[in-house]
Amino acid sequence: MAAGARDGLDDESLQELRSQATRLLLKEDWAGYIGVCTRIVDAAATDRRILCSALAHRADGRARLGDLSGALADCDAALAADPAHPAALLAKGAVLRGLGRYALAADCFRAVLPAGSGADDVREMLEQCRRLDAQARSGAVDLSDWVLAGFSGKCPDFAEHVGPVEVRRSAHGGRGVFAVKGIEAGGTLMISKAVAIGRGVIPDVADGGEKMVVWKDFVDKVLDAAEKCPRTASLIYTLSTGEEQEELDVPDMALFKQEPEELGDGVSETGGQETLDVDRIMKVLDVNCLTEDAAAANLLGNSGVVNCGVGLWILPALINHSCHPNARRTHVGDHTIVHASRDIKAEEEVTFPYFDVLMPAGKRREAARAWGFECRCDRCRFEDEDTVLRQEIVRSENELVNGGGDMGALVVRLEDKMRKSMVKERRKAFLRASFWSAYSALFDNGRLLRKWGRRVPGEAVIAVSVASVVGSCESVLKAMLRGANDGNSCGNRLEVEDKVVRIGRATYGKVVKRQAMRALFRLRLEGDNSKSF
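The structure displayed is predicted, hence computed values, not measured ones.

Participant: Honestly, the overall build of the protein chain in this entry has me stumped. Any pointers?
Facilitator: For the protein chain, the helix and strand inventory stands at 25 helices and 12 strands. Split into buried and exposed, the 533 residues of the protein chain put 50% on the buried side. Long-range contacts, defined as pairs at least 24 residues apart, comprise 68% of the intrachain contacts of the protein chain with a sequence gap of at least 6.

Participant: Just to check I follow, could you spell out the packing of aromatic side chains for this structure?
Facilitator: Taken as a whole and assessed by the stated rule, the structure comprises 7 aromatic pairs. Seen in terms of ring centroids, Tyr354 and Phe373 are 6.0 Å apart; in terms of plane orientation they differ by 90°. Their pairing is edge-to-face. Here Phe373 lies in the loop between helix 15 (361-371) and helix 16 (378-385) and Tyr354 lies in the loop between strand 12 (349-352) and helix 15, a separation of 19 residues in the sequence. A connected cluster of aromatic rings, assembled from ring pairs, spans Tyr354, Trp371 and Phe373.

Participant: What should I look at first to understand the environment of Cys37 in this one?
Facilitator: You can see Cys37 is positioned in helix 3 (residues 30-43). The spatial distance from the C-alpha of Cys37 to the C-alpha of Leu51 is 9.5 Å, given a sequence separation of 14 residues. The residues contacting Cys37, other than those within four sequence positions of it, are Ala54, His57 and Arg58.

Participant: Can you help me understand the sheet that holds strand 12 in this one?
Facilitator: Hydrogen bonds between backbone groups are what pair the strands of a sheet, and the pairing can be parallel or antiparallel. Taken in spatial order, the 4 strands line up as 2-3-12-9 in an open sheet, and their pairing is mixed. The strands lining the two open edges of the sheet, one partner per strand, are strand 2 (165-169) and strand 9 (320-321). Here strand 9 pairs with strand 12 via 2 bridges, running parallel. The partner of His321 across the bridge, within strand 12, is Phe352.

Participant: Could you clarify how one ought to interpret the packing of helix 15 against helix 16 in this entry?
Facilitator: When two helices pack together, you describe them by how their axes are tilted relative to each other and by the distance separating the axes. One way to put it is that helix 15 packs onto helix 16 with a least axis distance of 10 Å and a crossing angle of 125°. The angle between helix 15 and helix 16 places the two elements in the oblique class. Regarding helix 15 and helix 16, the two cross each other, and that crossing is left-handed. Contacts from Ala361, Arg364 and Arg365 of helix 15 reach helix 16 at Arg379, Cys380, Glu383 and Asp384. Here the contact of helix 15 with helix 16 is built from residues that sort into 2 nonpolar, no polar and 5 charged.

Participant: Sorry, what's going on with empty space enclosed by the protein here?
Facilitator: A full pass over the atoms with the stated rule returns 1 cavity of 30 Å³ or more. Approximately 80 Å³ is the volume found for the largest cavity. Along its surface, the largest cavity is lined by Ala361, Arg364, Arg365, Ala368, Arg369, Phe373, Glu374, Cys375, Cys380 and Asp384. If you list the elements that add at least two residues to the lining of the largest cavity, you get helix 15 and helix 16. Top contributing element to the lining of the largest cavity by residue count: helix 15, with 5 residues. Class assignment of the residues belonging to the lining of the largest cavity gives a composition of 5 nonpolar, no polar and 5 charged.

Participant: Could you clarify how one ought to interpret the side chain of Arg329 in this entry?
Facilitator: Relative to the helices and strands, Arg329 is located in strand 10 (residues 327-332). Among buried Asp, Glu, Lys and Arg side chains, Arg329 stands out as unpaired, with Asp293 the closest opposite charge at 7.1 Å. Setting aside anything within four residues of it in sequence, one finds Arg329 in contact with Leu290, Thr291, Ala294, Ala296, Ala297, Asn298, Thr336, Ile337, Val338, His339 and Phe352.

What counts as what
Residues numbered from 1 in each chain as written. Predicted model: local features only at pLDDT ≥ 70, side-chain atom pairs only at ≥ 80, totals over all residues. Heavy atoms only, no water. Helix = DSSP H or I, 4+ residues; strand = E, 2+ residues; numbered from the N terminus. Buried < 20%, exposed > 50% of the residue type's maximum accessible area, 1.4 Å probe, protein only. Contact = heavy atoms within 4.5 Å. Phe/Tyr/Trp six-rings, centres within 6.5 Å; stacked < 30°, edge-to-face > 60°. Pairing = 2+ DSSP bridges. Axes fitted to C-alpha atoms, helices over the stretch in contact; angles between N-to-C directions. Parallel < 35°, antiparallel > 145°, perpendicular 65-115°, else oblique. Left-handed = near helix turned anticlockwise from the far one by under 90°. Nonpolar A, V, L, I, M, F, W, Y, C, P; charged D, E, K, R; others polar. 1 Å grid on protein atoms, 1.4 Å probe; cavity = no way out; pocket = protein on both sides within 12 Å on 5 of 7 lines; lining within 4 Å. Points joined across faces, edges and corners; volume = space filled by probe spheres on them. Lys, Arg positive; Asp, Glu negative; His and termini not counted. Salt bridge = Lys/Arg side-chain N within 4 Å of Asp/Glu carboxyl O.

Rendered as structure tokens:
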């Protein structure tokens, strides 16, 4: 050992501190681990080798506790003393990778390679950074291998991505997310990592007490993340509390993007501490959280174990509701991939369904009021205001809600009324979506289908019609698969396959290659009709 180190600690004391640090590392007591590393740093100020090693280890501990600015400062201090120090380069690369600075992280990992130690692991990290950097720029996702493996193994890594969208004032009030160019069904709009997620296994989904435990755990995670990272806190503050008397500012899209070249080493992102406005954050969480089992969501890789998941994803939280929605999201791990569930035109607002919109207007109105708003999308206005079909809509809705009637007769009467009234295809699709449960009851019942089937369009035709106006979802995809298998008015084999692929991508996004779609359908739909593709 160098004499400079012995000025602060003798060999025996230094070895004891190292042993203590190892024990704390194994126990994952990061606060204690940082404390011991700090003692070594203070004692080894004049021994470059020991100092750099202790700083690198302390950086790792700080990163694990979320103190990213402190971790980067330790890495930079070590690299100032020894620009080629392997442990410091690896630690800095890991922190930069966590911040989404993939190109800068790759530079650190690349600089370690000449040292030769653990070269295979370093090359793997370097390749991961290259892949994530490309994904952050393009938004391209390919989960084919993971899906074909039955969601087994490690959950895939993702880079955050903001596609061709921006936040603007919405014509329906407040702010919304808008497409800046046309996006076809399945196209990725954004990939967002959660600030925090609370998950649990609740035997009784009606058990409010169990849900409160999950909620409290989630809130604690959000507050912890906001306290450790001022940038995270500032992003949370951009969201509505639901109580604003004046219009909120429209945030600059640069806030939501990772720009490695412009943000330098990342210290500015996590520097400076302010007192959290806990009351405001709690109000934000009340109106901006998303659930993994929502009508607009798919959850991949869950294996059916967790049945309660709630999280905060900043940019997706700015997406408004519509009963004529055009977007869905797919949850994988801590990330959500928001994609177009039908074709989206340039300048069109991106919208989710906050609740099941495959219901009649009256039931949707009740659901919207429970959320605290009134939906005035073109579908709702049509069903509320159309004078030609109004009587039939009310009659059919009453029959559907009260139950007990012949759903086949309801569907035939509705189709006949739309044909005689020369209703345009788009409005036909609106009504088919509203009475989706009646159509499903007809196609699910062999007796009703034999009685009425010849008087209504085929199941695949209805599925394509509904998907064109409310986007696809798993119930629509199931109907499409079954209808395609029956071959009822769905075109030739190539046309059928193209329609199935299109609705599959509208349901899950472009997350797998075509050859892996069948496996995805089987995993998600439990084989119900996936054999048809």
